[in-house]
Amino acid sequence: MTMNKKQFETEAIRTQINRTEFLEHTSPLYLTSSFVFEDAEDMRASFSEEKERNIYSRFSNPNTSEFVDKICKMEGAESGYAFATGMAAVFSTFAALLNSGDHIVSARSVFGSTHSLFTKYLPKWNIETSYFNINEPETIEGFITPKTKILFAESPTNPAVDIIDLELLGSIAKKHNLILVIDNCFATPYLQQPIKYGAHLVIHSATKLIDGQGRVLGGVTVGNEDLIREIYLFARNTGPALSPFNAWTLSKSLETLSVRVDKHCENALKVAEFLEAHPQVNWVKYPFLKSHPQYKVAKKQMKLGGNIVAFEIKGGIEAGRNFLNAIKMCSLSANLGDTRTIVTHPASTTHSGLAEADRLVVNITDGLVRVSVGLEHVDDVIGDLKQALHT
Ligand SMILES: *Cc1c(COP(=O)(O)O)cnc(C)c1O
């Protein structure tokens, strides 16, 4: 019997590997590094890929396949591969698809390690990157050269929560025959599906909202089958595979992604509204606040505003540092997308190595605070922020 494609929430729960003879209700954990063959002919056919089957868990494993299958259904992708971390997914995607001499056009504000990959490591293989300002999308085409192969962006961005028009990126990629790669980590497949707008590949750090409980690291790249094939062969030979245990955990997490993210977004909007009305706050950036510069674009491409709120505290670096020190319940931590609310002050912590002018290029002002709003009762989160703003 062929079943019609089901709704997002149903796919997240009912996409499952085949039951074993024990008729378990939920998928078991396959902690096995390799799989056995019936005989020499079976082994030959498996290695020549005449048969689709598990051979070795660096290539595939039932738990990683289930996880990848779910993400593919959620993103509307043909195929995918799961990685040990989000950065393994980012690195492998670029390394598999690019050759020496190729060129990338990327948004300037990208995740810190992705920025290091573009500025420190890819140039070792003669792969250069040009950066456009996310607030000047009309300049993007000017950076494209005959060597450009990949157009890359994140939306919303970290930590300034800027939004870029995915439909516009899709049309530019199409016109110039580029591979459009979107890091969809902040939105999750529940809030935004870049493939609809013309993305060829979508990357996630599953460590964030996909796990959502601050437990395991993971990453995934999904999208066009031919491109994924290249990435798969690269990964199969270089070894960044996701562990079966983490895949099993992440696949379980996806079952509750929609309800968790709904609540994260509800709490985040309330936190954003509270901050916007607070006298110690210069401005607040949250995609679903009317005051967000790209509010209309956010409304067009996102189901809800996400869980990250950025705001500028009055008083610059000192005020930001004092605010962090006054926080009582929320966590000071490098993660985001956890059940626990996390507060960071980039200018005095993660981005303190950058000169002020360089921070400003990516909209990190001295007083910028990033809140990853969790699933505690929102009154307790607001209460903690409020008392810290008053000290
Ligand atoms: C965290 C993050 C990554 C890297 O993911 P890891 O799982 O930590 O390796 C990549 N992109 C974005 C946008 C992130 O937030």
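The preceding data block contains the structure.
Residues numbered from 1 in each chain as written. Predicted model: local features only at pLDDT ≥ 70, side-chain atom pairs only at ≥ 80, totals over all residues. Heavy atoms only, no water.

Draft legend 1. Region of interest: the environment of Glu-21. Here Glu-21 lies in the loop between α1 (8-14) and α2 (40-47). Exposure remark for Glu-21: the relative accessible area of 73% places this residue in the exposed category. Counting along the chain gives 85 residues from Glu-21 to Ser-106, while the straight-line C-alpha distance between them is 49 Å. (Helix = DSSP H or I, 4+ residues; strand = E, 2+ residues; numbered from the N terminus. Buried < 20%, exposed > 50% of the residue type's maximum accessible area, 1.4 Å probe, protein only.)

Draft legend 2. Representation of the sheet that holds strand β9 (residues 308-313). Reading across the sheet, the four strands line up as β8-β9-β11-β10 and stay open at both edges, with antiparallel pairing between neighbours. Both outer strands of the open sheet, β8 (281-285) and β10 (342-344), are each paired with one neighbouring strand and no more. Between one strand axis and the next, the sheet turns by 20° as a mean value, whatever way the strands run. Alignment of β10 against strand β11 (residues 368-372), held across three bridges, turns out to be antiparallel. For Ile-342, the partnering residue across the bridge sits in β11 and is Ser-372. Seen against the sheet, helix α12 (residues 316-326) touches β9, β10 and β11 and runs at an angle of roughly 125° to β9. (Pairing = 2+ DSSP bridges. Axes fitted to C-alpha atoms, helices over the stretch in contact; angles between N-to-C directions. Contact = heavy atoms within 4.5 Å.)

Draft legend 3. Local environment of the side chain of Ser-109. Among the structural elements, Ser-109 can be located in the loop between β2 (103-107) and α5 (112-121). Relative accessible area serves as the criterion here: at 6%, Ser-109 is assigned to the buried category.

Draft legend 4. Representation of the site of the ligand in the model. Around the ligand, the structure places Thr-85, Gly-86, Met-87, Phe-111, Glu-154, Asp-183, Cys-185, Phe-186, Ser-205, Thr-207, Lys-208 and Gly-218. At a separation of 2.7 Å, an oxygen atom of the ligand approaches a polar side-chain atom of Lys-208. Taking 380 Å² as the accessible area of the ligand by itself, protein coverage stands at 91%. Of the residues belonging to the shell around the ligand, the class tally is four nonpolar, five polar and three charged. (Near = heavy atom within 4 Å. Polar contact = N/O pair within 3.5 Å; in protein donor to acceptor, adjacent residues only side chain to side chain. Areas by Shrake-Rupley, 256 points an atom, 1.4 Å probe, with all protein chains shown as cover. Nonpolar A, V, L, I, M, F, W, Y, C, P; charged D, E, K, R; others polar.)

Draft legend 5. A look at the state of the cysteines. Scanning the model with the defined rule gives zero disulfides in all. With no disulfide partner, Cys-185 has as its closest neighbouring cysteine sulfur the one in Cys-265, 13 Å distant. Its relative accessible area of 7% is what places Cys-185 among the buried residues. Considering cysteine sulfurs only, Cys-265 is the nearest to Cys-330, which forms no disulfide, with 17 Å between them. (Disulfide = S-S within 2.5 Å.)

Draft legend 6. Molecular detail of the pattern of salt bridges. Per the counting criterion, the structure on display carries 19 salt bridges. Its salt-bridge partner being Lys-73, residue Glu-11 comes within 3.9 Å of it at the nearest N-O pair. Note that Glu-11 is positioned in helix α1 and Lys-73 in helix α3 (residues 62-75), a separation of 62 residues in sequence. Residue Arg-44 pairs with Glu-41 through a salt bridge whose shortest N-O separation is 2.9 Å. Highlighted residues: Arg-44 and Glu-41, both in helix α2, separated by three residues, approximately one helical turn. When its relative accessible area of 41% is taken as the criterion, Arg-44 is described as partly exposed. Assessed through its relative accessible area of 47%, Glu-41 is described here as partly exposed. Bridged by salt links that share partners, the residues Glu-41, Arg-44 and Glu-50 form one connected network. (Salt bridge = Lys/Arg side-chain N within 4 Å of Asp/Glu carboxyl O.)

Draft legend 7. Fine view of the packing of α3 against helix α9 (residues 244-255). Close contact between α3 and α9 brings their axes to 7 Å; oriented N to C, the two are set at 35°. The two elements α3 and α9 cross, and the hand of that crossing is left-handed. Judged by residue contacts, Asn-63, Thr-64, Glu-66, Phe-67, Lys-70, Ile-71 and Met-74 of α3 engage Pro-244, Ala-247, Trp-248, Leu-250, Ser-251, Leu-254 and Glu-255 from α9. Within the contact of α3 with α9, the residues separate by chemical class into eight nonpolar, three polar and three charged. (Left-handed = near helix turned anticlockwise from the far one by under 90°.)

Just distances and angles here, no functional claims.
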